[in-house]
Amino acid sequence: MSQPLSAAARTAPTVVTASFWLWIASTVVSLIAFALMAPGLFAGPTSDTPYAAGVVAGAVGGALIGAALRVFLAVFLLKGANWARIVLTVIGAVVLLSLISSLLTGDLLGILVVLIVIAAGVLMWLPAARPHFRRA
């Protein structure tokens, strides 16, 4: 039986709780970065093309779905679901690959997301977290 989120937070090791909050923080910072980038998306060179609305809708939808997915998985990470830890690792790798350009261009929010995702990924795989995922 699934335990409530507050009970899961009380029973989770500190490293798992910290990883949970870092995943939430990475989601918030990613959404802030997207919101700052959005005006350029709406007024970009493709705004005159017939498929511009689809591009904008796809970008907004992708950002929101990606954020919701990270939060959903972080909740299950906190509850001790090992599958959520594995999926978050894969998502973290994709996020890191997509933000390589941020490292090269000096985009501060992108660099912040990279650092947060690395910290969250490392914390959820530390030896202190293992017993939490064996119980689930």
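Reference entry: report on the structure contained in this document. (Residues numbered from 1 in each chain as written. Predicted model: local features only at pLDDT ≥ 70, side-chain atom pairs only at ≥ 80, totals over all residues. Heavy atoms only, no water.)

### What about the packing of aromatic side chains?
Following the criterion strictly, the structure yields three aromatic pairs and no others. Between Phe76 and Trp83 the ring centres are 5.3 Å apart and the planes differ by 45 degrees, which places this aromatic pair in the tilted class. Ring pairing ties together the aromatic residues Phe72, Phe76 and Trp83, which thus form one cluster. The cationic tip of Lys79 hangs over the ring face of Phe76; the distance from NZ or CZ to the ring centre is 5.5 Å. In this arrangement the basic side chain of Arg85 is found over the ring face of Phe133, its NZ or CZ atom lying 4.1 Å from the centre. (Phe/Tyr/Trp six-rings, centres within 6.5 Å; stacked < 30°, edge-to-face > 60°. Lys NZ or Arg CZ within 6 Å of the ring centre and 35° of its normal.)

### Thoughts on the nonpolar core
The biggest cluster of nonpolar side chains holds 26 residues, and the ones touching the most others in it are Val16, Trp23, Leu77, Leu88, Val95 and Val113. At the level of elements, helix H2 (14-42), helix H3 (52-79), helix H4 (82-98) and helix H6 (108-124) are the ones that each hand at least two residues to this core. Take this core: its biggest share by element is seven residues, from H6. In contact with Leu77, other than residues within four places in its own chain, are Val16, Ser19, Phe20, Trp23, Ala84, Arg85, Leu88, Met124, His132 and Phe133. (Core = buried A, V, L, I, M, F, W, Y, C linked by side-chain atoms within 4.5 Å. Buried < 20%, exposed > 50% of the residue type's maximum accessible area, 1.4 Å probe, protein only. Helix = DSSP H or I, 4+ residues; strand = E, 2+ residues; numbered from the N terminus. Contact = heavy atoms within 4.5 Å.)

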